[in-house]
Amino acid sequence: MNNYKMILQYDGTGYSGWQIQENAKTIQQEIINAIKIILKEEVNLIGSGRTDSGVHALGQVANFRTEREIDLYKFQFSLNSILPDDISVLSTEKVNENFHSRFDAKKRTYIYLISQFKSPFYKNYSFFYPQKIDLEILNDLSKLFLGRKNFSSFCKKKSEVENKFCEVNEINWSNQFDLCVFKISADRFLHGMVRAIVGTLLKALKMEKPEEYIQEVFRSEDREFAGEAVPAKGLFLYKVEY
């Protein structure tokens, strides 16, 4: 079997997330449908992670297997011609038959964009938050998330994953042009985890003892103690490393 790896970008605004769902428009289904038109077969498309409804991707990785030998340039050109304008294939390559885009991933990185003034150009891709943001305090507080920890307080209650431990190896805030950018890298992420972390850190900024609050959120292992999740439109899967 031939195994093909793709790097994808997509605007998640009009989709119910990556994963195929009944009676819902999803990224995974759109790509499978397009590949079927070209190869005349339905492939099992495996994504590196399941981005939620409304979440975007700058570097999603996916792979599929087929007995056919594909002309990579022609295939990618044809696929991009068929796919809607809000989904794009950046690269396609043949990889080892055993490569698995999800299980082989060593590190995933997300970014979250916050705009501090009303802009028609940022409104679909950032969270408008006009309140004061102190990056120095946020970066200090973010250090509390580093390392291997139980992130039960930062995932959706409906999450069926039993193992809630994740190892965060990079987390920071910065100003990039007109935007405030939150960046986080970890070995894995739970359902809704990044948006809950951003919401919790912004909530902590308003408190007299923000460090104690975050430590208490971790100790509680209860989603109710953390801050409200920020909107999905500001979240991007930035890259996946193997």
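Provided above is the structure to which this section pertains.
Residues numbered from 1 in each chain as written. Predicted model: local features only at pLDDT ≥ 70, side-chain atom pairs only at ≥ 80, totals over all residues. Heavy atoms only, no water.

Caption draft 1: Up close: the layout of surface pockets. Quantified by volume, the largest pocket comes out at close to 920 Å³. Contributions of two or more residues to the lining of the largest pocket are made by β5 (107-115) and α4 (193-205). (1 Å grid on protein atoms, 1.4 Å probe; cavity = no way out; pocket = protein on both sides within 12 Å on 5 of 7 lines; lining within 4 Å. Points joined across faces, edges and corners; volume = space filled by probe spheres on them. Helix = DSSP H or I, 4+ residues; strand = E, 2+ residues; numbered from the N terminus.)

Caption draft 2: Structural view of the pairing of strand β9 (residues 179-186). In terms of residue burial, β9 counts as a mostly covered element, since seven of its eight residues are buried. Bridge analysis of β5 against β9 gives eight bridges, and the strand direction is antiparallel. Considered in β9, the bridge of I114 is made with C180. One ladder, built from eight bridges, connects strand β8 (residues 165-176) with β9; its direction is antiparallel. Bridge pairing in β9 places Q176 opposite L179. Here β8 folds back onto β9, and the loop between the two strands holds two residues, one of which, F177, carries a positive phi near 55 degrees. (Buried < 20%, exposed > 50% of the residue type's maximum accessible area, 1.4 Å probe, protein only. Pairing = 2+ DSSP bridges.)

Caption draft 3: Spotlight on the pairing of strand β10 (residues 235-241). Bridge count for strand β3 (residues 56-66) against β10 is two bridges, and the pairing is parallel. Within β10, the position partnered with A57 by the bridge is L237. Relative to β10, β5 runs antiparallel, the two being bridged by six bridges. The residue bridging I111 from the neighbouring strand is F236, located in β10.

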